[in-house]
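The chain contents come next:
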Amino acid sequence: MGNRAISSPRLFIECIVVIMSTGHVLLGLLAERPQHGYELKKEHDQRLAGAKPLAYGQVYATLQRLERDGFAEVAETRQEGGPERTLYAITEEGRAELERWLGTIEPPAPYVAGGLFARVAVAGKAADGYLVRQREAHLARMRELTAEKASGTPARVLAADYALQHLDADLRWIETALARMKEEGDHA
Amino acid sequence: MLEARGLSKSFGRARALDGVSVEIAPGEVVAVTGPSGAGKSTLLHCLAGVLRPESGEVVLDGRRIDTLGEAELTALRRQSFGIVFQFGELVPELSAVENVALPLLFNRHGRGEAMAAAAEWLERLEVADCADQRIGELSGGQRQRVAVARALVTGPRVVFADEPTGALDTLGGEQVMTAMLGAARAGGAAVVLVTHDNRVAAYADREITLRDGAVLAGVNP
Amino acid sequence: MITVLRMLNRGRSRPERVRAWLVGAGAGVAAFLVCTAVSLADFRDEGGSLTGLALALLALPVAGLVHQANRLATATRERRLAALRLAGAAPGDVRRLGALEGGWLALTGSLAGSVVYALTHLPGPLAPVPFVVVLMTAGGVVSGARAGRDVIASPLGVTRRPRVRGPRVRDLLLALTGVALLVAGLTLKGGFPIGGKYGTAVAMAAGMVLLLFGLTMAATWLIRACAARIGRRARSPETLLAARLVESDPRAWARALSVVGLTVFFGAGSGAQQAGTGYWHAHALIDVALLLAMLTSAAALVVHQAEELIDLRRSFAALAAAGVPERSLGRVLVRQAAIAALPVCAVAAAAGVGVVVFSVLDIYQARWLVWALTRAVAMTGIGVLTAMLVALAARPLLRGALRLETLRAGR
Ligand SMILES: Nc1ncnc2c1ncn2[C@@H]1O[C@H](COP(=O)(O)OP(=O)(O)O)[C@@H](O)[C@H]1O
Ligand SMILES: [Mg+2]
């Protein structure tokens, strides 16, 4: 298992989700129906399976920010014995903002897994053994994800697909790198 | 159960296999990967008794099969192995259900029984609707699933698949893979899966990587 | 167009050269036979004209062979022709290419055949020679143009099997016109209104070709109906495969079997006639000619078998890899031949006897029927047997087709 520590492929999804704006995701969920903060957290974690679960604190901080910017509003506050429950709803402005965000094209930044690429760039041909082991780690994770897909919910399957395709791209890069190194070795 | 020791095979000056040894346990799914020209198909054909290696041996359940006579070897392939090719290679003049029934008929089962079993397999692979269609009328994915049914209908010990999803898109390939592995697991058949697609290799329990006709050292767990 | 033809020819393989030879040689032999037949046809003498008829009959299977060989050309060149289509050639271009090649080969072949005729028959009449050469060349052009039809259908090179139609009135009319021309030739003899003796020969030849076309159409339909029936009931995999293969391409079988069927028809007819009348000498000659016709038509069957194996090789190689013994696949070929040949030969034999018996019903004696029917059954057997023997002889070809390399070449 030491292998996987080299550069956990799981890191990927996490990076991507962090880059993405949590505010917009919550707006998207609110666009379906008004929800409590607690519901929002559950919905978020289920939809974006494989991403890091949201902390409650982050949910409320984000909601307050949305309210401040006029994208969301408090629809109802109720207190029935228990703690105060605030129902949030999306505003017209919020819808427009959501629309804008959904239409925005992501910069096609190559997600070079920092550690992986940096190591090879530094070590050069000596990275051969490292790449072979990294390949093993990637493939092992891909096997896990493939197995998960067999029994997972639709949301999980989507997330697993996302991860699988990215890992596969990585793997193909590793294979090409290995082939290139071998070719250079043959010429030398 | 199926074991190969020191397989070598050349075509003219090209050395396709160079001392390859592998072992496949019952019910196991093994992916054979590697760049094209590495000898994957040649290894598969040697294991499946379609090609005879120049040196080395292939043993199935303790019996050497590479030295069997042609008639015995053919019967063994028919009864113990199933093969799926990249393009299905079904008989275009027959309907889907007749294609699947064919191996049973060649094993001398009656027509009614063979057709019933074939229809059942098509159902299991979710292509029952296509039973009476000619192969030319099927999509690539349907064709491959019919080919899988044909390979599994005799209840083989080992299923050999050479790039079974090579001609399909991602989703089509995924459906064929899950259908094939599900059916193979249910029947207790081992699967030898040749592929150069890592996403397909990820379905296997383990991987054998070939490079220039030899098993790449240090890769296998 | 000529440039493209040259380009295609430069890259041709051994089988293609063999095929070109076959076309040329076939055209040569046919030209020689027809010239000899015309020179022999002396309508004052019944025996002489019967001999001429027999020789002309012999030219038919040879012409059939030429057409088959032209078809084989498109089968082997399928990929390259398809590439031509993808490169922007119109269907007409491809058809013209085939016509040009077929015409060219037929022209050179028939010229060679005529030279041989002129040398061996120095005193014989030379007038019909240019006529025969033109006829043969025209035949080559037509056959070459028609041969590429399947490929032309799709630039992707998937040969679309033409849909088989049921019997049509046109087919019947063709056959009837053929019969009428033949009968006219036989009754008018030398006194044909246009061209006299040569006119008779041409009319009879044309009649024979038309009859052959019509019969081929009818046979296509008959073969498919029988094969479908057998396929539905087949218990063994060999029979199932054989029936389905025949059913999916009955037209090719009908074409290959048309001359066999004609031979059986004439054989049974002459048998029915022999039972009652004299002319033993001429009848014996016709029998010999029929036997030779059967042998030549076997060559057409061989070509068809080769063409079919090109089509089958991928699925058969996959079956062999999956553990189907070569012996079984050989059996499929033989059963295919039997399934296709049996209905054709049986119907042809019955028709042969029927035509003779009905034309002289008033004087035909019941005891002659025994001999006539025996002959008919024998002719059917010979026809079917010929087809099956050809299929048996194709086994070495089958072995070549089953090699694993077949599956290596991508689609
Ligand atoms: N029938 C054959 N004739 C000639 N060369 C062959 C034949 N089969 C395989 N080879 C050669 O053997 C090598 C391995 O081929 P193969 O097993 O098909 O590789 P892979 O399936 O990994 O792409 C290649 O170099 C190929 O050219
Ligand atoms: Mg291969």
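All residue numbers refer to positions counted from 1 along the written sequence of the respective chain. Labels are handed out in written order, letters beginning with A for the chains and numbers beginning with 1 for the ligands. Where local features are concerned, this predicted model is filtered to residues with pLDDT of at least 70; where side-chain atom pairs are given and counted, the filter is 80 or more; whole-chain, interface and lining totals use all residues. Side-chain numbers here rest on the full set of heavy atoms in the structure, without hydrogens or water.

So what exactly am I meant to see when it comes to a nonpolar patch on the surface here?
Residues and elements named next belong to chain C. A cluster of nonpolar side chains, namely V169, L172, L173 and L176, defines an oily patch on the protein surface of about 420 Å² accessible area. Under the scheme used here, helices are H or I runs from DSSP no shorter than 4 residues and strands are E runs no shorter than 2 residues, and both carry numbers assigned from the N terminus. Looking at the element boundaries, L172 is found in helix α7 (residues 169-188). Only protein chains enter the area calculation, which uses a 1.4 Å probe; residues under 20% of their type maximum are buried, those over 50% are exposed, and those in between are partly exposed. Judged by its relative accessible area of 55%, L172 is exposed. Patch building starts from residues that exceed 30% relative accessible area and form no salt bridge, then joins like charges within 9 Å and nonpolar side chains (Val, Leu, Ile, Met, Phe, Trp, Tyr) within 5 Å. For the area figures, the Shrake-Rupley method with a 1.4 Å probe applies, and any residue is considered shielded solely by the protein chains shown. Here, a salt bridge means any side-chain nitrogen of Lys or Arg that lies within 4 Å of a carboxyl oxygen of Asp or Glu.

So what exactly am I meant to see when it comes to the interface of chain B and chain A here?
Reports often express the size of an interface as the amount of accessible area lost when the parts come together. Should any heavy atoms of two residues lie within 4.5 Å, those residues are considered in contact. Taken together, the contact pairs 17 residues of chain B with 16 residues of chain A. Accessible area, probed at 1.4 Å, shrinks when two parts are joined; the buried area is that loss added up over both. Both sides together, the interface formed by chain B and chain A hides about 1,300 Å², and carbon and sulfur atoms give 49% of it. Looking at the side of chain B facing chain A, the largest losses of area belong to B:N198, B:R199 and B:A202, adding up to 42% of the total buried there. Applying the counting rule to chain B against chain A returns three salt bridges. Where A:D168 meets B:R199, a salt bridge forms, and the shortest distance between an N and an O atom there is 3.1 Å. Those elements that provide at least two residues to the side of chain B that touches chain A are α6 (170-187), α7 (198-201) and β9 (206-211) of chain B. A total of three residues in the side of chain B that touches chain A trace back to one element, the largest contributor, which is β9(B). Residues were grouped as follows: Ala, Val, Leu, Ile, Met, Phe, Trp, Tyr, Cys and Pro as nonpolar; Asp, Glu, Lys and Arg as charged; and all remaining residues, including Gly, as polar. Class assignment of the residues belonging to the side of chain B that touches chain A gives a composition of five nonpolar, five polar and seven charged.

Please clarify how the sheet that holds β9(B) should be interpreted in this entry.
Strands belonging to one sheet form pairs held by backbone hydrogen bonds; the direction of such a pair is parallel or antiparallel. All names here are of chain B. Spatially, the six strands line up as an open sheet ordered β6-β7-β8-β3-β9-β10, and their pairing is mixed. Two strands close off the open sheet at either side, each with one partner strand: β6 (81-84) and β10 (214-215). In terms of strand pairing, strand β3 (residues 29-33) meets strand β8 (residues 190-194) through four bridges, oriented parallel. Across the sheet, the residue bridging to A31 is L193, located in β8. Orientation is described by axes fitted as lines to C-alpha atoms, over the contacting stretch for helices, and by angles from 0 to 180 degrees between their N-to-C directions. Packing against the sheet, helix α1 (residues 40-47) makes contact with β3, β6, β7 (158-162), β8 and β9, and its axis sits at approximately 155 degrees to β7. Two strands are counted as paired when DSSP detects at least two bridges linking them.

Would you explain the state of the cysteines in this entry?
Among covalent bonds in proteins, the disulfide is the one between the sulfur atoms of two cysteines. All names here are of chain C. When the sulfur atoms of two cysteines come within 2.5 Å, that pair is taken as a disulfide. By the definition in use, this model includes zero disulfides over all chains. The thiol of C226 is not disulfide-bonded; the next cysteine sulfur, from C345, is found 12 Å away. You can call C226 partly exposed: its relative accessible area is 25%.

Please clarify how the interface of chain C and chain B should be interpreted in this entry.
Contacts between chain C and chain B engage 31 residues on the former and 23 residues on the latter. Between chain C and chain B lies a buried interface of about 2,500 Å² when both sides are counted; carbon and sulfur atoms form 62% of it. In this assembly, chain C and chain B are joined by three salt bridges. Polar contact is the term for a pair of N or O atoms within 3.5 Å; when the atoms are in protein, one must be able to donate a hydrogen and the other to accept it, and sequence-neighboring residues count only if both atoms are side-chain atoms. Joining chain C to chain B, the criterion identifies nine residue pairs in polar contact (both at pLDDT 80 or more).

Mind showing me how you'd approach unusual backbone geometry here?
For residues other than glycine, phi is negative in most cases, and the peptide bonds are mostly trans. All names here are of chain B. The phi dihedral of D61 is positive, around 50 degrees, even though this residue is not glycine. Inspection of the secondary structure assignment puts D61 in the loop between β4 (55-60) and β5 (63-64). Exposure remark for D61: the relative accessible area of 46% places this residue in the partly exposed category. Even without being glycine, E126 reaches a positive phi, approximately 60 degrees. The topology assignment puts E126 in the loop between α4 (111-124) and α5 (140-152).

Would you explain the packing of aromatic side chains in this entry?
Any two aromatic rings considered together are summarised by their centre-to-centre distance and by the angle between their planes. All names here are of chain A. Each Phe, Tyr or Trp ring (for Trp, its six-membered ring) is paired with any other whose centre lies within 6.5 Å, and the angle between the two planes then decides the class: stacked below 30 degrees, edge-to-face above 60, tilted in between. In total, this model carries three aromatic pairs over all chains according to the counting rule given. Measuring from ring centre to ring centre gives 6.3 Å for Y38 and Y56, while their planes differ by 10 degrees; the resulting arrangement is stacked. Of this pair, Y38 sits in helix α3 (residues 37-47) while Y56 sits in helix α4 (residues 56-68), placing them 18 residues apart in sequence. Taking relative accessible area as the criterion, Y38 reaches 38% and is therefore assigned partly exposed.

Just to check I follow, could you spell out the packing of helix α2 (residues 22-32) of chain A against helix α5 (residues 92-103) of chain A for this structure?
Each pair of packed helices can be described by the angle between their axes along with the distance between the axes. Residue and element names in this part refer to chain A. Their axes nearest at 10 Å, the elements α2 and α5 cross at an angle of 120 degrees. In terms of their interaxial angle, α2 and α5 are classed as oblique. In this structure, α2 meets α5 at a crossing whose hand is left-handed. Two secondary-structure elements touch here, α2 through H24, L27, G28 and A31 and α5 through G94, R95, E97, L98, R100 and W101. Residue classes in the contact of α2 with α5 are distributed as four nonpolar, three polar and three charged. Each angle receives one of four descriptions, namely roughly parallel if under 35 degrees, roughly antiparallel if over 145, roughly perpendicular if within 65 to 115, and oblique otherwise. We call a crossing left-handed when the near helix sits turned anticlockwise from the far one by less than a right angle, and right-handed when that turn is clockwise.

What should I look at first to understand the pattern of salt bridges in this one?
Side-chain pairs of opposite charge can arise where the charged atoms are in close proximity. Taken as a whole and assessed by the stated rule, the structure comprises 30 salt bridges over all chains. The salt bridge involving A:D168 is made with A:R172; its shortest N-O contact spans 3.3 Å. Of this pair, A:D168 and A:R172 both sit in helix α8 (residues 154-187), four residues apart, roughly one helical turn. Taking relative accessible area as the criterion, A:D168 reaches 1% and is therefore assigned buried. One connected set of salt bridges, linked through shared partners, spans B:E3, B:R5, B:E57, B:R64 and B:D66.

What is the right way to read α5(A) from this model?
All names here are of chain A. End to end, α5 covers 17 Å across twelve residues, agreeing with the expected 16 Å (1.5 Å per residue, within 8%). Regarding α5, the residues found buried are G94, E97 and L98. Taken end-on, α5 shows its buried residues confined to a sector of 100 degrees, consistent with a single buried face. In this structure, α5 carries E92, E93, E99 and G103 as exposed residues pointing more than 90 degrees from its buried face. The span one expects for a helix is its residue count, reduced by one, times 1.5 Å. Working note: the arc is built from the helix axis to C-beta atom directions.

Is there a simple way to think about the sheet that holds β4(B) in this case?
Residues and elements named next belong to chain B. An order of β2-β1-β4-β5 is seen for the four strands of this open sheet, with the pairing classed as antiparallel. Where the open sheet ends on each side, the last strands, each with one partner, are β2 (14-24) and β5. Across two bridges, the pairing between β4 and β5 is antiparallel. When the bridges of β5 are listed, L60 appears paired with R63. Across the sheet, α1 is in contact with β1 (2-11), β2 and β4; its angle to β2 comes to roughly 55 degrees.

It is not clear to me how the side chain of B:S8 should be interpreted in this structure. Could you clarify?
Residue and element names in this part refer to chain B. Residue placement: S8 occurs in strand β1. Using a relative accessible area of 6% as the deciding quantity, one classes S8 as buried. Engagement of the side chain of S8 in a polar contact is seen with the backbone nitrogen of G19, the distance being 3.1 Å. Setting aside chain neighbours within four positions, we find S8 in contact with R15, L17, D18, G19, P53, E54 and S55.

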